[in-house]
Amino acid sequence: MQKEQQQLAELVKGKKVAFIGAGVSHKTLIEEFVGLGAHVTLCDKKNSVDDFGSYAETIRRLGIDLSLGEHYMDGFRGQDIILRTPGFEYYQKPLQDAIAAGTLVTSEVELFFDYCPCEIVGVTGSDGKTTTTPLLSKFYEAAEVSPDDVAVVELSSFQLISMRKSPKIAVVTNVTPNHLDHHKDMQEYIDAKRNILLHQVPPCREVLGYENDITRSMVPDCKGKQVWFTRLHDTDNGAFLRGDGMLCMAEDGVVTPFLAQKDIKLRGLHNIENLLAAAAAVWGEVPVEAIQKVGSTF
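Presented here is a report on the structure given in the accompanying data block. Here the residue numbering is sequential within each chain, running from 1 through the sequence in written order. Side-chain atom pairs in this predicted model are given and counted only at pLDDT of 80 or more, local residue features only at pLDDT of at least 70, and totals for whole chains, interfaces and linings cover all residues. Think of the side-chain values as coming from all heavy atoms in the structure, minus any hydrogens and water.

## Structural notes on the overall build of the protein chain
Across its full length, the protein chain holds eleven helices and 13 strands. Overall, the C-alpha framework of the protein chain stretches about 65 × 40 × 35 Å when taken along its three principal axes. Sorting the 298 residues of the protein chain into buried and exposed places 50% on the buried side. At a minimum sequence separation of 6, the contacts of the protein chain that also span at least 24 residues come to 60%. Put simply, the protein chain shows about 14100 Å² of open surface, and 50% of that area lies on carbon and sulfur atoms. Charge counting follows a simple rule: Lys and Arg are positive, Asp and Glu are negative, and His as well as the terminal groups are ignored. The atom standing in for a charge is NZ when the residue is Lys, CZ when it is Arg, CG when it is Asp and CD when it is Glu. Here the protein chain contributes 30 positive and 41 negative side-chain charges, whose respective centroids are spaced 1 Å apart. Counting from the N terminus, the helices are DSSP H or I runs at least four residues long and the strands are E runs at least two residues long. Three exposure classes are used, based on accessible area relative to the maximum for each residue type with a 1.4 Å probe and protein chains only: buried under 20%, partly exposed in between, and exposed over 50%. In this description, contact between two residues means that some pair of their heavy atoms is separated by no more than 4.5 Å. Only the protein chains shown count as cover for residues, and the accessible areas themselves come from Shrake-Rupley with a 1.4 Å probe.

Below is the structure:
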């Protein structure tokens, strides 16, 4: 058993663990936790085991306890660990009561951060993260960096809101009013996004969107080498689109043009920004040639 798997086994063996919902990722974790010796309770709005369809057979086979229906959150009481889903509002009273009673509340992505053996690059933002994340992954692939060495992760505010660890390289594309039907207010949403930065341990790197007032205000939260990305201004600290149509990186007093805008396959000015953000994140980590190759073919 790998070291990380052994550590997870030590965390859950013999513990009472509640899972909120049985989505795709939780189905995998439930089976693994039962195999590691956890006593699992599934808490769900569904009214009966048969409402889980084909998964009902697995529930019976694994001997999972159920807390169902209108009062499904009653199952939180007395648990050692609760696994929440990103869509479950973190500050709901039953969950906060469980935390106050000493229950460890965590999630799939938090466990990943706890036990992932390699360096993590994290991307968040109201817009752009879903393009920036695969760009980063392709940069590493082009540089022949192994998945065992680096994990690139897209992070939503719902995942970040309870995070107590941050990635080694953190990208915040922008923060604009979003998901406010699931957050108490805009400040809660901003604070959730800030969690990608707050728990970093130097040496680390932060890439912030210069054109967004909120991301620009996050500089005091940065603990490592902070750089910008912008398509509207030149900068002496980060990636930018120069007036002559060249994407450039400025770092340590050196400006390096690395790709012509006309050679970029991605359409739209917003994707220029995504490419700049991704390049700023991996600068010095992968060869410039890898950035050029992906930038002109992705």
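Okay, back to it.
## Here's the deal with the nonpolar core
In this structure, Phe139, Leu247, Phe258, Leu276 and Ile291 are the most contacted members of the largest nonpolar core, which totals 33 residues. Considering every element that reaches this core, the biggest residue donor is helix α10 (residues 269-282), with nine residues. Beyond its immediate stretch of four places on either side in the chain, Ile291 contacts Phe139, Phe258, Ala279, Val282, Trp283 and Val286. Take the buried Ala, Val, Leu, Ile, Met, Phe, Trp, Tyr and Cys residues and link them wherever side-chain atoms come within 4.5 Å; each set so joined is a nonpolar core. Membership of the second largest hydrophobic core comes to 24 residues, among which are Leu29, Ala38, Ala56 and Ile81.

## Quick look at the sheet that holds strand β1 (residues 16-20)
In a beta sheet, neighbouring strands pair by backbone hydrogen bonds and run either parallel or antiparallel. Overall, parallel pairing links the five strands, which are arranged β3-β2-β1-β4-β5 in an open sheet. Lying at the two open borders of the sheet, with one neighbouring strand each, are β3 (65-68) and β5 (104-107). With strand direction ignored, the average angle separating the axes of adjacent strands in the sheet is 25°. Think of each axis as a best-fit line through the C-alpha atoms, taken over the contacting stretch in the case of a helix, with angles from 0 to 180 degrees between the N-to-C directions. Contacts between helix α4 (residues 93-100) and the sheet are confined to β1, β4 (81-84) and β5, with β4 contributing the most and set at about 145° to the helix. At least two DSSP bridges between two strands are needed for those strands to be called paired.

## Topic: the packing of helix α6 (residues 129-142) against α10
How two helices sit against one another is set out by the angle between their axes and by the gap between those axes. Where α6 contacts α10, the two axes come as close as 9 Å, and the packing angle between them is 45°. In this view, α6 runs oblique relative to α10, as classed from their interaxial angle. The element α6 and its partner α10 pack so that their crossing is right-handed. Residues Thr131, Thr132, Leu135, Leu136, Phe139 and Tyr140 of α6 form the contact with α10, whose own contacting residues are Asn271, Asn274, Leu275, Ala277, Ala278, Ala279, Ala281 and Val282. Put simply, Ala, Val, Leu, Ile, Met, Phe, Trp, Tyr, Cys and Pro go in the nonpolar bin, Asp, Glu, Lys and Arg in the charged bin, and everything else, Gly too, in the polar bin. Its residues assigned to classes, the contact of α6 with α10 shows ten nonpolar, four polar and no charged. Here is the rule for angles: anything less than 35 degrees is roughly parallel, anything more than 145 is roughly antiparallel, 65 through 115 is roughly perpendicular, and the remaining ranges are oblique. Should the near helix be turned anticlockwise from the far one by less than a right angle, the crossing is termed left-handed; should it be turned clockwise, right-handed.

## Quick word on the state of the cysteines
Criterion for a disulfide: a pair of cysteine sulfur atoms within 2.5 Å. Inspection of the entire model under this criterion finds zero disulfides. With no disulfide of its own, Cys116 has Cys118 as its nearest cysteine by sulfur position, at a separation of 3.5 Å.

## Thoughts on the pairing of strand β13 (residues 254-260)
Where strand β12 (residues 246-251) meets β13, six bridges bridge the pair, whose relative direction is antiparallel. Each bridged residue has a counterpart across the sheet, and for Met246 the counterpart in β13 is Ala260. Two successive antiparallel strands, β12 and β13, enclose a turn made up of two residues, where Asp252 displays a positive phi of approximately 55°.

## Things to note about the environment of Ile161
Mapped onto the elements of the fold, Ile161 is located in the loop between α7 (157-160) and β8 (169-172). Residue classification places Ile161 among the buried positions, given a relative accessible area of 9%. Separated by 44 residues in the primary sequence, Ile161 and Arg205 place their C-alpha atoms 20 Å from one another. If we skip the residues at most four places from it in the chain, Ile161 touches Arg84, Tyr90, Tyr91, His183, Glu188, Ala192 and Asn195.

## Quick look at the layout of surface pockets
Grid points spaced at 1 Å and placed over the protein atoms alone form the basis of the search, with a cavity being a set where a 1.4 Å probe fits but cannot get out and a pocket an open set showing protein on both sides within 12 Å along at least five of seven lines. Lining residues have an atom within 4 Å of a point. Grid points are joined across faces, edges and corners, and a volume is the space filled by probe spheres set on the points. Considering only enclosed or pocket space, the largest pocket measures out at about 320 Å³ in volume. For the largest pocket, the lining is made up of 13 residues, of which Leu8, Glu32, Leu111, Phe112 and Tyr115 are closest to its centre. Of all elements in the fold, only α1 (3-12), α2 (24-35) and α5 (108-115) reach the threshold of two or more residues within the lining of the largest pocket. Ranked by residues supplied to the lining of the largest pocket, first place goes to α5 with four residues. For the lining of the largest pocket, the residue count by class is eight nonpolar, two polar and three charged.

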